[in-house]
Amino acid sequence: MLTQYLFVFAQVHEEFRVPELLSVAELYGFEIKFSEDPKDPKATARPFMVLELQNEEHARLLARRCILIRSVCEFYARGRTYDELHLRNRSCTQQWEKYATNTSFKFLVTAFNHTIPQWRQKDVVESFDYMDWQGKIDMKNPEVTLVCYEEYRDKHGTTRPKDEGDGEFEEVWFGRLIETGSARNLVKKFDVKKRVYYGNTSMEAEISLLMANQTLAAPGRLIYDPFVGTGSMAYTAAHFGAFFFGSDIDGRQMRGKAKQPGIVRAATQYGVASRIMDLCTFDVTQNPWRCGELFDAIVTDPPYGVRAGAKRLGRRNPKLATDGPPPIHVPRPDDQPYIPPTRPYELSELARDLVLLARYMLKPRGRLVFFLPTVTEEYKEVDVEAMLCEGMELVANSLQDFGSWGRRLITIRKTTTERYSPPSFDPAHAVTEHVEAHIPAHKDFREKYFQGFKKSDQDSSTER
């Protein structure tokens, strides 16, 4: 029999909540039943969500691993008014009466988007007198904490008295506190500003932790980042016990200027250096891999040209082959190592290649997790569907909205056990086999970004 639990979320990254819950549940091997449609944006945008789980331990596992969870309660009742709440709470006496006889307890009355004055907090607590708790009141270390949450509309940006609208909540929730979300503390631990090595492209801590959860990072798993940069994904994945391998076309990003590589220094700061398997410098399109199915997950934030652009080996304007003997090698006068020329790696081409690389390099059921920037007005679901190929399925697609553009956290799973040949990284393969002649919104994203998305604005006005 399933039990209902009330989850309280941090009011950030609303679209990432359900994918993170499902990923962590898959990691630990249990299922979640949603009381409301998880695809309904109105339901997922609220800070409260009722889920049905097999037992309390599953609720604790979610609270300890999910970055976006603030707390979890055994759910007792909800209502638009306290009368409605009390009526429903009386009907579930069998859930809480076992604690009422001889258990130390305390009541916590709080609110979302509001501060409840102390005098009314007292009135709320006294309204539950019918529960007839006989145990000792212990405000510091109680055996049971009963929590009452009032949910108010968002009034940010308005000037008003502190207690204005007190009691005019949209809904009130009640339950027994099971566990606070301890994983939220990791956001401070991995704060980029406190890191000994970072760069202007380093991923913020909260997002890198969410990405690590999407990879199902755990002890014994091997995770690869083909655009590792300054290593933001290495630290969070390794924190959860996974082994990590990283590569980048520019080794200076990984090394930094100190004698010890920057990523190794930061990994040592977090106590995970032993889980960094290796860091290599190579172009992912000219990679050294000689066999596939090596990794449990591939996770990356590919450069898309805003702070740094993606590169691949080659010349912008390749020289035409000429007849005659090859040129004679002439040593460099400054005796510096040869740095091969690079050319831009267009984003839609990169994304398509990344999916093909993942199909080759991932073990069956392995995951590819990466960010895909896109133009808000131009985006269509087919943009992501077009990247998929045989043996790969979409698991999650969550938007981080920045207004005229956003970036989508894409999670793709390898569903096949069939072995495939390595990708050719031929630009011709960037065109989808599912939807011919479709131009995705992320194509030439860098140019659109620095043009202020003017072209897309003109197109949309023309369509009107």
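On a predicted model such as this, the values are computed, not experimentally measured, just so you know.

Calculation criteria
Every chain is numbered independently, its residues counted from 1 as its sequence is written. pLDDT decides what is reported in this predicted model: residues at 70 or higher carry local features, side-chain atom pairs at 80 or more are listed and counted, and totals for whole chains, interfaces and linings draw on all residues regardless. The basis for every side-chain value is the complete set of non-hydrogen atoms in the structure, without hydrogens or water. Only residues above 30% relative accessible area that lack a salt bridge enter a patch, with like-charged residues linked at up to 9 Å and the nonpolar side chains Val, Leu, Ile, Met, Phe, Trp and Tyr linked at up to 5 Å. The Shrake-Rupley method, run with a 1.4 Å probe sphere, supplies the accessible areas, and residue values consider only the shown protein chains as cover. Just to be clear on terms, a salt bridge is a Lys or Arg side-chain nitrogen sitting within 4 Å of an Asp or Glu carboxyl oxygen. Charged residues are defined here as Lys and Arg on the positive side and Asp and Glu on the negative side; His and the ends of the chain fall outside this count. By convention, the charge on Lys lies at NZ, on Arg at CZ, on Asp at CG and on Glu at CD. Note on conventions: DSSP H or I runs of at least 4 residues are helices, E runs of at least 2 residues are strands, and numbering of each starts at the N terminus. When a residue's accessible area, from a 1.4 Å probe over protein chains only, is under 20% of the maximum for its type it is buried; when over 50% it is exposed; and in between it is partly exposed. What qualifies as a polar contact is a pair of N or O atoms within 3.5 Å, subject to a donor-acceptor requirement within protein and to the restriction that residues adjacent in sequence count only when both atoms come from side chains. Residue contacts are counted whenever heavy atoms from the two residues lie within 4.5 Å of one another. Nonpolar cores are built from buried Ala, Val, Leu, Ile, Met, Phe, Trp, Tyr and Cys residues. Side-chain atoms within 4.5 Å join them into one set.

**Q** Before we move on, could you go through a negative patch on the surface and cite the residues and values that matter?
**A** The grouping of Asp-123, Glu-126, Asp-129 and Asp-132 at the surface amounts to a negative patch. Summarising the element assignment, Asp-129 is placed in the loop between α6 (118-126) and β6 (144-151).

**Q** Please set out unusual backbone geometry residue by residue, giving values where relevant.
**A** For Asn-113, which is not glycine, the phi torsion reads 70 degrees and is therefore positive. Considering the arrangement of structural elements, one finds Asn-113 in the loop between β5 (105-112) and α6.

**Q** So, the side chain of Asp-225: which residues are in play, and what are the values?
**A** With respect to the helices, strands and loops of the structure, Asp-225 is situated in strand β8 (residues 222-225). Of the side chains bearing the opposite charge, Arg-195 lies closest to the buried Asp-225, which forms no salt bridge; the N-O distance is 11 Å. Within the structure, the side chain of Asp-225 is placed 2.7 Å from the side chain of Thr-300, a separation counted as a polar contact. Beyond its immediate sequence surroundings of up to four residues, Asp-225 is in contact with Met-233, Phe-244, Phe-245, Gly-246, Ser-247, Val-299 and Thr-300.

**Q** So, the nonpolar core: which residues are in play, and what are the values?
**A** By size, the foremost hydrophobic cluster in this structure holds 58 residues, and its most contacted members are Phe-7, Leu-21, Ile-32, Leu-62, Ile-69 and Met-211. Among the elements that take part in this core, helix α8 (residues 205-214) stands out by supplying six residues, more than any other. Excluding residues within four positions of it along the chain, Ile-32 makes contact with Leu-21, Ala-25, Leu-51, Glu-52, Leu-53 and Leu-62. Within the second largest apolar cluster, 33 residues are counted, among which are Phe-295, Leu-357, Ala-358 and Met-387.

**Q** Account for the pattern of salt bridges, with residues named and values stated.
**A** All told, the structure shown has 26 salt bridges when counted by the stated rule. A salt bridge links Glu-179 to Arg-60, with the shortest nitrogen-to-oxygen separation between them at 2.8 Å. Of this pair, Glu-179 sits in strand β7 (residues 171-180) while Arg-60 sits in helix α3 (residues 56-65), and the two are 119 residues apart along the sequence. Its salt-bridge partner being Arg-64, residue Glu-179 comes within 2.8 Å of it at the nearest N-O pair. Of this pair, Glu-179 sits in strand β7 while Arg-64 sits in helix α3; the two residues are 115 residues apart in sequence, bridging distant segments of the chain. Given a relative accessible area of 40%, Arg-64 falls into the partly exposed group. Via salt bridges that share partners, Glu-56, Glu-57, Arg-60, Arg-64, Glu-74, Arg-176 and Glu-179 belong to a single interconnected network.

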